[in-house]
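Residue-level structure breakdown
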Amino acid sequence: SKKLEKSSKDILKRVAANALMSLLAVSRRAQKRALEANLIDNCMEQMKHINAQLNLDSLRPGKAALKKKEDGVIKELSIAMQLLRNCLYQNEECKEAALEAHLVPVLHSLWPWILMDDSLMQISLQLLCVYTANFPNGCSSLCWSNCGQHPVQAAHRGALGNSLMLCVLKLASQMPLENTTVQQMVFMLLSNLALSHDCKGVIQKSNFLQNFLSLALPKGGNKHLSDLTILWLKLLLNMSFGEDGQQMILRLHGCLDLLTEMSKYKHKSSPLLPVLIFHNICFSPANKPKILANEKVITVLAACLESENQNAQRIGAAALWALIYNYQKAKAALKSPSVKRRVDEAYSLAKKTFPNSEENPLNAYYLKCLENLVQLLNSS
């Protein structure tokens, strides 16, 4: 009878958790109520308790009953993390509460258990993706080293010795290709983290970016980049939004050449990633000499002006204008007949194609880029 009572309680608990999960995913009001009712703190306490229990059980001699108990505990952990994920979704107040409740140190202490279970890994990566999205303090908290009972107070922010950020980088480096879902999630998380200055510092020191250079290009008649390459390009694109990230890309020996090679291949969802990375790098005065010294990059950007893709045309024109702006050496280099001809032809075609460009801001911006390029290339 007691056994029956326990199993019906478990079922009720599971049903209630699933209902709450669905509600938190769609309702801001539900998130607010959950925060007021200390759901975040309660989930964190439960996760700490589960960690202690798993560690204790692992010291006992192996039994079949123990495995069954462990499975139940893993399910509980999974539910706690899913509740947290949905509670934090696009809610900064809840994210702040999770930061104060030491979400990252708790996940870090659970990491050895998470590594042993793919579905648990997927859920924890989803939770971290939600937590770090548009939340710089959350991103920085992954760089803290996990020392002592209260890692936030005892944080050595620069310490590389032992942080969840390093665990994530290690996972991304050793990723077996069979589990594409986990691979996708870990790169999505890294793409969030790549927008944070602190996280970029850890990426730089860990030499993780060297892995990009060993990616294989498509062979034979295959004209499409692999999904893993696309994940890497999205990560590099997010890094290129800040000058520190741009410098890291430029310091990676052979990276510009590899990106120009990749720009020749297709990918249905993200055809312009390498060109967007070049575009971002062109805007920083410190980077201009390195871009200018690489003829292949200039050729790729100029070729964009002749592309059938309007977005490629705009990105190419904007990048060339950024490169030439306030930089005399670029003006001389871009006056080469092949570049100048493409700019002139693109400008005369754009004037005919978009006579009322003010109706569309993107077309107006494209015309403005070309107009300025033409003026600068024709001035002495």
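Treat the numbers as computed from the prediction; the structure is a model and nothing was measured. (Residues numbered from 1 in each chain as written. Predicted model: local features only at pLDDT ≥ 70, side-chain atom pairs only at ≥ 80, totals over all residues. Heavy atoms only, no water.)

Given a rise of 1.5 Å per residue, 14 residues ought to cover 20 Å, and the 20 Å separating the end C-alpha atoms of helix α10 (residues 180–193) matches this to within 8%. What α10 keeps buried is the set Val182, Gln183, Met185, Val186, Phe187, Leu189, Leu190, Ser191 and Leu193. Packed against the buried residues of α10 are α7 (118–132), α8 (136–141), α9 (164–173), α11 (197–206) and α13 (227–239). (Helix = DSSP H or I, 4+ residues; strand = E, 2+ residues; numbered from the N terminus. Expected span 1.5 Å × (residues − 1). Buried < 20%, exposed > 50% of the residue type's maximum accessible area, 1.4 Å probe, protein only. Contact = heavy atoms within 4.5 Å.)

The description of an aromatic ring pair uses the distance of the two centres, along with the angle that the planes make with each other. Per the stated rule, a full pass over the model turns up 5 aromatic pairs. Both rings, one in Phe208 and one in Trp232, keep their centres 4.9 Å apart while their planes meet at 20 degrees; by these two values the pair is stacked. Pair noted here: Phe208 is in the loop between α11 and α12 (210–213) and Trp232 is in helix α13, with a separation of 24 residues, a long-range link. Residue Phe208 shares its accessibility class with Trp232, and that shared class is buried. A network of ring pairs unites the aromatic residues Phe187, Phe208, Phe212 and Trp232 as a single cluster. (Phe/Tyr/Trp six-rings, centres within 6.5 Å; stacked < 30°, edge-to-face > 60°.)

Once that is clear, we can look at the domain arrangement of the protein. Each assigned domain of the protein is listed here: domain 1 (33–43 + 70–89 + 113–140) and domain 2 (206–215 + 223–378). Once you take the C-alpha centre of each, domain 1 and domain 2 turn out to be 39 Å apart. (Domains from an automatic or database assignment.)

Look at α13: 19 Å from first C-alpha to last across 13 residues, which is about the 18 Å you get at 1.5 Å a residue. The buried fraction of α13 amounts to 10 of the 13 residues, a majority that puts the element mostly inside the structure. The complete set of buried residues in α13 reads Thr229, Ile230, Leu231, Trp232, Leu233, Leu235, Leu236, Leu237, Asn238 and Met239. Buried positions along α13 lie against α10, α11, α12, α14 (243–251), α15 (255–262) and α16 (273–281).

With that settled, the discussion passes to unusual backbone geometry. Of all residues except glycine, most have a negative phi; of all peptide bonds, most are trans. For Gln90, which is not a glycine, the phi torsion comes out positive at approximately 50 degrees. Position of Gln90 relative to the elements: it lies in the loop between α4 (64–88) and α5 (92–100). Since its relative accessible area comes to 57%, Gln90 is described here as exposed. One non-glycine residue, His102, lies in positive phi territory at about 65 degrees.

Looking at where Lys200 falls in the secondary structure, it is placed in helix α11. Residue classification places Lys200 among the buried residues on the basis of a relative accessible area of 5%. A distance of 2.9 Å separates a polar atom in the side chain of Lys200 from a polar atom in the side chain of Asp244. Once residues lying within four places of it in the same chain are set aside, the contact partners of Lys200 are Ala194, Leu195, Met239, Gly242, Asp244, Gly245 and Met248. (Polar contact = N/O pair within 3.5 Å; in protein donor to acceptor, adjacent residues only side chain to side chain.)

For Gln126, the position within the fold is in helix α7. Gln126 sits in the partly exposed class, given a relative accessible area of 22%. As for Gln126 and Gly242, which are separated by 116 residues in sequence, their C-alpha atoms are 25 Å apart. If sequence neighbours within four positions are ignored, Gln126 has contacts with Arg85 and Met185.

Turning our attention to the pattern of salt bridges. Under the definition given, this model contains 9 salt bridges. Residue Glu36 is joined to Lys32 by a salt bridge in which the shortest nitrogen-to-oxygen separation is 3.0 Å. Taken together, the residues Glu36 and Lys32, both in helix α2 (residues 28–36) and 4 residues apart, mark about one turn of the helix. We note a salt bridge from Glu306 to Arg342, for which the minimum N-O separation is 3.1 Å. A residue pair is termed long-range when its members are at least 10 positions apart, and Glu306 in the loop between α18 (295–304) and α19 (310–324) and Arg342 in helix α21 (residues 337–353) qualify at 36 residues. Among the residues examined, Glu306 registers a relative accessible area of 43% and is labelled partly exposed. Several salt bridges share partner residues, and in doing so they unite Glu306, Arg341, Arg342 and Glu345 into one network. (Salt bridge = Lys/Arg side-chain N within 4 Å of Asp/Glu carboxyl O.)

Scanning all chains against the criterion turns up 0 disulfides. In this structure Cys167 is not part of a disulfide, and its nearest cysteine sulfur, from Cys143, lies 12 Å away. Between Cys304, a cysteine without a disulfide, and Cys282, which holds the nearest cysteine sulfur, the sulfur-to-sulfur distance is 11 Å. On the basis of relative accessible area, Cys304 is assigned to the buried category, the value being 7%. (Disulfide = S-S within 2.5 Å.)

What follows deals with the packing of α21 against helix α22 (residues 361–378). In contact at an axis separation of 9 Å, α21 and α22 are set at 140 degrees when each is read in the N-to-C sense. Viewed along their axes, α21 and α22 adopt a mutual orientation that is oblique. Two packed elements cross with a definite hand, and for α21 against α22 that hand is left-handed. Taking contact as the criterion, the partners of Lys340, Val343, Asp344, Ala346, Tyr347, Ala350 and Lys351 in α21 are, on α22, Tyr366, Leu367, Leu370, Glu371, Leu373, Val374, Leu377 and Asn378. (Axes fitted to C-alpha atoms, helices over the stretch in contact; angles between N-to-C directions. Parallel < 35°, antiparallel > 145°, perpendicular 65-115°, else oblique. Left-handed = near helix turned anticlockwise from the far one by under 90°.)

Okay, the confidence of the model for the protein next. Scored by pLDDT, the protein has a mean of 89; 90% of the residues are at 70 or more. Mean pLDDT values for the elements of the protein range from 80 in helix α1 (residues 2–26) up to 98 in α5. Considering only residues more than four positions removed or in separate chains, one finds that residues 148–161, a stretch of pLDDT under 50, has 23 contacts. (pLDDT = per-residue confidence, 0-100.)

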